[in-house]
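Here is how the chains run, residue by residue.
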Amino acid sequence: MSLDPSHAVPTPERPPDYRGLLRKHGIRPNKRLGQHFLFEAAALERVVAAAELQGDETVLEIGAGVGSLTHRLAQAARRVLAVEVDGRLIPALQEAVASCANVEIIPGDILDLDLGALLREQSYQVVANIPYQITSILIRRLLEAPRPAQRLVLTIQREVAERVVAGVGEMSLLALSVQLYGEPRLVGSILAGAFFPPPNVDSSILRVDIHPEPRLPQELIPPFFRIARAGFGQKRKQLRNALAGGLGLEPRAVAEWLVRAGLSPQSRAQELELEDWERLVRFAGEIKGEAGGRPGSGGGAS
């Protein structure tokens, strides 16, 4: 008598029944944690393919859930570090990847973990289906890590993914931040119905190939973010007025600053490229604020 495949023991080649694991362990998705599990096989394969793993990599997975992506990553990479914040899921995750000796489960919140200590001297990639509500802060944390990943492959809300890859005219602070550290591109789409439970929006697979070094010198990054935050803080306004309000400067002084940097005082933040912001930072030392400070002093990435 042949066995029912849905009850077969998982092996490295045969994924487990993930919905069955949820039922077995009495787990219902937690809305507060933004849990939408990706179980559709074709979608999971697209995520793994986007990482172009060669078999010798270390992969950091964030939000491993019950192991649907973890199991596939284990077949494609040398080592998988699977981080999961929800303690309820750990027994199910352990069961799902029990046959995968190269998976290490790490209970905890990725926003609290010390990535440097976790990964030590290793080069690594990040491949993850991440909760929508922590997308921006998580991307920033990954990009600013003491030892950044070589590549990020993230399943995120389509609208946010499109913001990340936006060009001149539609730039945002998020896009500017990502493009400072790497080259982002959209490499696939995943419809809401591929998830359990389905979210209210479709998702995109975002890939960011990280530059060996940021596109600005390290000493310019804190003032760069301070000035950019001021510009995007009131992005409907002309840059002259947005920077004046955000940095506590006289509009006339800001207008002169913009002209020196080769920019129009009437331009808006979303119309500037990374190189434009760099010129603003480099000319910032000539501008004095009302309190005697410079617009680029202090601050850091937001």
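The sections below set out a description of the structure shown in this document.

Reading the values: the criteria
- Residues numbered from 1 in each chain as written.
- Predicted model: local features only at pLDDT ≥ 70, side-chain atom pairs only at ≥ 80, totals over all residues.
- Heavy atoms only, no water.
- Helix = DSSP H or I, 4+ residues; strand = E, 2+ residues; numbered from the N terminus.
- Buried < 20%, exposed > 50% of the residue type's maximum accessible area, 1.4 Å probe, protein only.
- Contact = heavy atoms within 4.5 Å.
- Areas by Shrake-Rupley, 256 points an atom, 1.4 Å probe, with all protein chains shown as cover.
- 1 Å grid on protein atoms, 1.4 Å probe; cavity = no way out; pocket = protein on both sides within 12 Å on 5 of 7 lines; lining within 4 Å.
- Points joined across faces, edges and corners; volume = space filled by probe spheres on them.
- Nonpolar A, V, L, I, M, F, W, Y, C, P; charged D, E, K, R; others polar.
- Pairing = 2+ DSSP bridges.
- Axes fitted to C-alpha atoms, helices over the stretch in contact; angles between N-to-C directions.
- Phe/Tyr/Trp six-rings, centres within 6.5 Å; stacked < 30°, edge-to-face > 60°.
- Left-handed = near helix turned anticlockwise from the far one by under 90°.
- Salt bridge = Lys/Arg side-chain N within 4 Å of Asp/Glu carboxyl O.
- Core = buried A, V, L, I, M, F, W, Y, C linked by side-chain atoms within 4.5 Å.
- Expected span 1.5 Å × (residues − 1).

### Points about the overall build of the protein chain
Next, step 1: Counting secondary structure elements, the protein chain contains 12 helices and 9 strands.
Next, step 2: Looking at the protein chain residue by residue over its 302 residues, the buried ones come to 49%.
Next, step 3: Here the analysis covers contacts within the protein chain between residues at least 6 apart in sequence; of these, 68% occur between residues at least 24 apart.
Next, step 4: Taken as a whole, the protein chain presents about 14300 Å² of accessible surface, with 49% of it coming from carbon and sulfur.

### Some remarks on the layout of surface pockets
Next, step 1: The space that makes up the largest pocket amounts to roughly 510 Å³.
Next, step 2: Lining the largest pocket are 32 residues, with Leu33, Gly63, Glu84, Asn129 and Pro131 sitting closest to its centre.
Next, step 3: Among the secondary structure elements, those contributing two or more residues to the lining of the largest pocket are β1 (37-38), β2 (58-62), α3 (68-76) and β3 (79-84).
Next, step 4: The volume enclosed by the second largest pocket comes to roughly 240 Å³.
Next, step 5: In terms of lining residues, the second largest pocket is bounded by 17 residues, among which Leu143, Pro148, Tyr181, Pro214 and Gln218 are the most central.
Next, step 6: If you tally residues by element for the lining of the second largest pocket, the top one is helix α9 (residues 221-233), at 3 residues.
Next, step 7: When the residues that make up the lining of the second largest pocket are grouped by side-chain class, the tally is 12 nonpolar, 3 polar and 2 charged.

### Looking at the sheet that holds strand β4 (residues 103-107)
Next, step 1: In space, the 7 strands of this open sheet follow the order β4-β3-β2-β5-β6-β9-β7, with mixed pairing throughout. With partners counted over all chains shown, the strands left at the sheet margins are β4 and β7 (182-190), one partner each. Adjacent strand axes in the sheet meet at a mean angle of 20° when their direction is disregarded.
Next, step 2: Bridging between strand β6 (residues 151-157) and strand β9 (residues 203-210) involves 7 bridges; their strand directions are antiparallel.

### Concerning the packing of aromatic side chains
Next, step 1: Taken as a whole, this structure holds 5 aromatic pairs when the rule is applied.
Next, step 2: Members of the aromatic cluster, joined through ring pairs, are Tyr18, Phe37, Phe39 and Phe196.

### Description of helix α10 (residues 239-247)
Along an α-helix, residues three or four positions apart point the same way, because every turn accommodates 3.6 residues.
Next, step 1: Those residues of α10 that sit buried are Leu239, Ala242, Leu243, Ala244 and Leu247.
Next, step 2: Those residues of α10 that are buried are in contact with α9, α11 (251-260) and α12 (274-283).
Next, step 3: A positive phi of about 70° marks Gly248, the residue just after α10.

### So, the packing of α9 against α10
Next, step 1: The N-to-C vectors of α9 and α10 enclose an angle of 120°; their axes lie 7 Å apart at closest approach. When you trace α9 past α10, the crossing you get is right-handed. Residues Arg226, Ile227, Ala230 and Gly231 of α9 pack against Leu239, Ala242, Leu243, Gly246 and Leu247 of α10.
Next, step 2: Per-class residue counts for the contact of α9 with α10 are 6 nonpolar, 2 polar and 1 charged.

### Considering the pattern of salt bridges
Next, step 1: Counted under the stated rule, the structure contains 13 salt bridges.
Next, step 2: Measuring nitrogen to oxygen at the nearest pair gives 2.8 Å for the salt bridge that ties Lys24 to Glu95. You can see Lys24 sitting in helix α1 (residues 18-24) and its partner Glu95 sitting in helix α4 (residues 90-96), a full 71 residues away along the chain.
Next, step 3: Glu95 gets classed as partly exposed once you look at its relative accessible area, which sits at 33%.
Next, step 4: A salt bridge links Glu275 to Arg215, with the shortest nitrogen-to-oxygen separation between them at 2.6 Å. Pair noted here: Glu275 is in helix α12 and Arg215 is in the loop between β9 and α9, with a separation of 60 residues, a long-range link.
Next, step 5: The partly exposed category is assigned to Arg215, whose relative accessible area is 37%.

### Considerations on the nonpolar core
Next, step 1: Formed by 62 residues in total, the largest nonpolar core has its most connected members in Leu60, Leu243, Trp277 and Leu280.
Next, step 2: Membership of the second largest hydrophobic core comes to 36 residues, among which are Val47, Val59, Val127 and Phe195.

### Overview of α9
Next, step 1: Between its first and last C-alpha, α9 extends 18 Å over 13 residues, near the 18 Å set by a 1.5 Å rise per residue.
Next, step 2: Looking only at α9, the buried set comprises Ile221, Pro223, Phe224, Phe225, Ile227, Ala228, Ala230, Gly231 and Phe232.

### Thoughts on unusual backbone geometry
Next, step 1: Residues Phe196 and Pro197 are joined by a peptide bond in cis, for which omega reads -15°.
Next, step 2: Counting through the fold element by element, Pro197 comes out in the loop between β8 (195-196) and β9.

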